[in-house]
Amino acid sequence: MAITELESDKALCKSKKLATVKVFLDDPGRWEALAEVDQIVDLKKAAEKLGKEKMDAFIKKSRLKIEGDELYLEKVKDDADRKMLMPFVREVRTKWILMEKVPAAERKDVVAKAKKENTVTEWDLLEFDEMYATCAKCGMSWDNKKGCVGNFGPSGSPVPDLAKKHGLSILSKVSELGESKKVLSSKDADELLKEVKILREKAPAEGKMIVRRIEGTLNRLEAMAKCSRDYNVGFYFF
C-alpha cells in the first residue's frame, strides 16, 4: 500500500522522480541518433595484448565480478584502468534515448512513446543509501521513516474478513482495491482512520491472537491514512 506522494510539493523525492533521464523505445525511429552508447571491453583481446598477468591484477584490484569475455567500461572507476582498456572497446548503440539530447519541444513525445517501466528517472539512479537518507528526512515517509510504501500485512491477514464482519467499506474490499489499484482520496483516509479505530475496538472480542496478528497492519494503515489526510494526497493498495 502507498500514497500518491507526487501530488504534494512536500515530497522530497518529487523533483528527482519527475526528472526523466532516459527511456527505452522498441523502435527509436528518428531519435535513434540520440540513443545511449555502451562501451564494451573485449577482455580476451585485452589479455592477448596486455598479458594475462596484468589483466588478473586489474581484476583483483578492481574487485569486479567478471562473467564471460566482456566488461562494460562504465563499471571501471579508475581512470588509469579505463585508459588502459580503451583500445579494446567497441561501441554498441542501445535503444535507450538520452533525454538531455532530445530537443525540448520533443521530450513529451519521447516519454509518451515509452512504457512506464522503461523509464529511468534521477531517483532511479540514486544509490540505495541516498534514497533511504532522503526518505528518513521526509515528513511523508509514513512507514517508520523508511518510505511512503509499505506492506499491508502477511498473506492471509484476518483484517479483510474482520472488516466484512463489521461492515467496513474500505478494509473489507482491500483485495479488490489492490487488483484495480484504485486511488482513494484524502477524504477516504478519514474513513479509513474510523475503520481502523473500529477494528481496534472490536478485535479483543476475537481473542488475543487476532489482536496480535492485526496490530502491525492497523498501525501501518493508520500511519498511511494520517499521511494521506495531513498532506492531502491519495492512497492505494496493490
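The structure displayed is predicted, hence computed values, not measured ones. (Residues numbered from 1 in each chain as written. Predicted model: local features only at pLDDT ≥ 70, side-chain atom pairs only at ≥ 80, totals over all residues. Heavy atoms only, no water.)

This part takes up the packing of aromatic side chains. In the structure shown here, the tally under the stated rule is five aromatic pairs. The interplanar angle of 40° and the centroid separation of 5.9 Å between the aromatic rings of Tyr-236 and Phe-238 together place this pair among those described as tilted. Here Phe-238 falls in the exposed class, since its relative accessible area comes to 53%. An aromatic cluster is built from Phe-152, Phe-235 and Phe-237, whose rings are joined through pairwise contacts. (Phe/Tyr/Trp six-rings, centres within 6.5 Å; stacked < 30°, edge-to-face > 60°. Buried < 20%, exposed > 50% of the residue type's maximum accessible area, 1.4 Å probe, protein only.)

As judged from the three bridges shared by strand 2 (residues 20-24) and strand 5 (residues 89-98), these two strands associate in the antiparallel manner. Considered in strand 5, the bridge of Lys-22 is made with Leu-98. In the sheet, strand 3 (residues 35-42) pairs with strand 5 via six bridges, with the strands oriented antiparallel. By the bridge assignment for strand 5, Ile-40 is matched with Arg-90. (Pairing = 2+ DSSP bridges. Helix = DSSP H or I, 4+ residues; strand = E, 2+ residues; numbered from the N terminus.)

Before going further, it helps to spend a moment on helix 2 (residues 43-50). The backbone nitrogen of Lys-44 lies 3.1 Å from a side-chain oxygen of the residue at the head of helix 2, namely Asp-42. Within two residues after helix 2, Gly-51 carries a phi angle of roughly 100°, on the positive side. (Polar contact = N/O pair within 3.5 Å; in protein donor to acceptor, adjacent residues only side chain to side chain.)

A volume near 560 Å³ is recorded for the largest pocket. Along its surface, the largest pocket is lined by 17 residues, and Glu-5, Leu-6, Lys-17, Lys-116 and Thr-121 are the ones closest to its centre. If you list the elements that add at least two residues to the lining of the largest pocket, you get strand 1 (2-3) and strand 6 (119-121). The residue inventory of the lining of the largest pocket, partitioned by class, reads nine nonpolar, four polar and four charged. (1 Å grid on protein atoms, 1.4 Å probe; cavity = no way out; pocket = protein on both sides within 12 Å on 5 of 7 lines; lining within 4 Å. Points joined across faces, edges and corners; volume = space filled by probe spheres on them. Nonpolar A, V, L, I, M, F, W, Y, C, P; charged D, E, K, R; others polar.)

So, on to the sheet that holds strand 2. Ordered by their spatial adjacency, five strands build an open sheet running 4-3-5-2-6, and the pairing between neighbours is antiparallel. This sheet does not close on itself; its edge strands, each paired only once, are strand 4 (70-72) and strand 6. Between one strand axis and the next, the sheet turns by 40° as a mean value, whatever way the strands run. Bridge count between strand 3 and strand 4: three bridges; the pairing is antiparallel. What sits directly across from Ile-40, in strand 4, is Tyr-72. This element, helix 2, spans strand 3 and strand 4 of the sheet and lies at about 45° to strand 3. (Axes fitted to C-alpha atoms, helices over the stretch in contact; angles between N-to-C directions. Contact = heavy atoms within 4.5 Å.)

As a further point, take the packing of helix 9 (residues 186-202) against helix 10 (residues 208-231). A packed helix pair is summarised by two numbers, namely the angle formed by the two axes and the spacing between the axes. Relative to each other, helix 9 and helix 10 sit at 155°, their axes nearing to 8 Å. Classified by the angle between their axes, helix 9 and helix 10 sit roughly antiparallel to one another. Viewed along their axes, helix 9 and helix 10 form a crossing whose handedness is left-handed. Listed contacts from helix 10 to Ser-186, Ala-189, Asp-190, Leu-192, Leu-193, Val-196, Leu-199 and Arg-200 of helix 9 are Leu-218, Asn-219, Leu-221, Glu-222, Met-224, Ala-225, Lys-226, Ser-228 and Arg-229. Broken down by class, the residue content of the contact of helix 9 with helix 10 amounts to nine nonpolar, three polar and five charged. (Parallel < 35°, antiparallel > 145°, perpendicular 65-115°, else oblique. Left-handed = near helix turned anticlockwise from the far one by under 90°.)

The tally for this structure, following the rule as stated, stands at 14 salt bridges. Note that Asp-9 is salt-bridged to Lys-14, the shortest N-O span being 2.8 Å. For Asp-9, a relative accessible area of 68% corresponds to the exposed category. Residue Lys-165 pairs with Glu-206 through a salt bridge whose shortest N-O separation is 2.7 Å. Pair noted here: Lys-165 is in helix 7 (residues 159-165) and Glu-206 is in the loop between helix 9 and helix 10, with a separation of 41 residues, a long-range link. Note on Lys-165: relative accessible area 55%, which makes it exposed. One network of salt bridges, with partners in common, ties together Arg-200, Glu-222 and Lys-226. (Salt bridge = Lys/Arg side-chain N within 4 Å of Asp/Glu carboxyl O.)

The end-to-end C-alpha distance of helix 10 is 34 Å, a good match for the 34 Å that 24 residues give at a rise of 1.5 Å each. Ile-214 marks where helix 10 bends most, by close to 40°. Of the positions making up helix 10, those classed as buried are Ile-210, Ile-214, Thr-217, Leu-218, Leu-221, Met-224, Ala-225, Cys-227 and Ser-228. On its buried side, helix 10 packs onto strand 1, helix 7, helix 9 and strand 7 (235-236). (Expected span 1.5 Å × (residues − 1). Bend = angle between axes of the 7 residues up to and from the residue.)

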